[in-house]
Amino acid sequence: MKVLYNQHQEVTAHCQIHNRYAFVMIATIIPTTIFSLFMVCHRPTSSFCWEFIFSFPLVCFCVFSFIALVNSPSKLHNTIYATKSALCANTHIWFPYRPNVYHSALAFVCHLDQTNLGVSIWGFAVVSKPLVLTTLSVMMTCLALFLQLGDCNSAN
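Given the structure is predicted, the values throughout are model-derived calculations rather than measurements.

## Details of the UniProt feature "transmembrane region" (unreviewed entry) in the protein
What UniProt calls "transmembrane region" (unreviewed entry) maps, in this numbering, to residues 21–40, 52–70 and 131–150. Taken end to end, residues 52–70 comprises 100% helix and 0% strand; its first and last C-alpha atoms sit 27 Å apart. For residues 131–150, the helix share is 100%, the strand share is 0%, and the end-to-end C-alpha distance is 28 Å.

If you want it as structure tokens, here you go:
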């Protein structure tokens, strides 16, 4: 029992490190992606082709890093909800009524129904597909705003 407790403590410590890592990476990747895209799109000059060639790897790296960071936690979040649906739809668990199976399944369904179940970003939010899509839409909105403000300043 002591060995299992120690293993649980190690896994918990690794989860806390991953939560901090995810927070720091997302907090640095989002602005880097926005500003690298802004750098590519802002100055269409005669050397635009060269600027694009040199900036494109940075943009690809930032986008790939963001997708790689949120892909697994997002899939985990979807799998948790798919598991809950599959468990509730399985009639062999619920019928015929067996008290020990029924209570165990009900406890598991209640556990899966928690809103904060999954990988969190240092406790701020649980990584899910809606969070990823919201983050991408905010990034594009910020990029559009920066491009508009950049055009206003260059006209003066």
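## Quick look at the packing of aromatic side chains
For the structure shown, the criterion picks out 3 aromatic pairs. Pairing tryptophan 94 with tyrosine 102 gives two aromatic rings, centres 5.5 Å apart and planes at 80°, and the pair type is edge-to-face. Given a relative accessible area of 14%, tryptophan 94 falls into the buried group. Through a chain of ring-to-ring contacts, the aromatic side chains of Trp94, Tyr97 and Tyr102 assemble into a single cluster.

## Looking at the state of the cysteines
Disulfide: a covalent bond connecting the sulfur atoms of a pair of cysteines. All told, the structure shown has 0 disulfides when counted by the stated rule. Not engaged in a disulfide, the cysteine cysteine 88 finds its nearest cysteine sulfur in cysteine 110; these two sulfurs lie 9.2 Å apart. Cysteine 88 sits in the partly exposed class, given a relative accessible area of 40%.

## With respect to the environment of glutamate 51
With respect to the helices, strands and loops of the structure, glutamate 51 is situated in helix H2 (residues 48–89). Overall, glutamate 51 belongs to the buried group, its relative accessible area being 19%. For the pair glutamate 51 and valine 40, spaced 11 residues apart in sequence, the C-alpha separation works out to 6.8 Å.

## Focus: H2
Compared with an ideal rise of 1.5 Å per residue, which puts 42 residues at 62 Å, H2 spans 57 Å between its outermost C-alpha atoms and is within 8% of the ideal. At serine 55, H2 is bent by approximately 35°, the largest bend along its length, and proline proline 57 sits one to four residues beyond.

Rules behind the numbers
The numbering scheme is per chain: residues are counted from 1 as the chain's sequence reads. The model is predicted, so local features are restricted to residues of pLDDT at least 70 and side-chain atom pairs to those at 80 or more, both for listing and for counting; the totals for chains, interfaces and linings are taken over all residues. Heavy atoms from the whole structure form the basis of all side-chain values; hydrogens and water molecules are not counted. UniProt positions are given in the numbering used here, feature names are shortened, and annotations may be inferred rather than shown by experiment. Secondary structure is summarised from DSSP: a helix means a run of H or I of at least four residues, a strand means a run of E of at least two, and numbering begins at the N terminus for each. Here is the rule: rings of Phe, Tyr and Trp (six-membered ring for Trp) pair when centre to centre is within 6.5 Å. Planes less than 30 degrees apart are stacked, more than 60 are edge-to-face, and the remainder are tilted. With a 1.4 Å probe rolled over the protein chains alone, any residue whose accessible area is under 20% of its type maximum counts as buried; one over 50% counts as exposed, and the rest are partly exposed. Cysteine sulfur atoms that pair up within 2.5 Å are treated as a disulfide. A helix's residues, less one, multiplied by 1.5 Å, set its expected span. Values of bend correspond, residue by residue, to the angle between axes fitted over the seven residues ending at that residue and the seven starting there.

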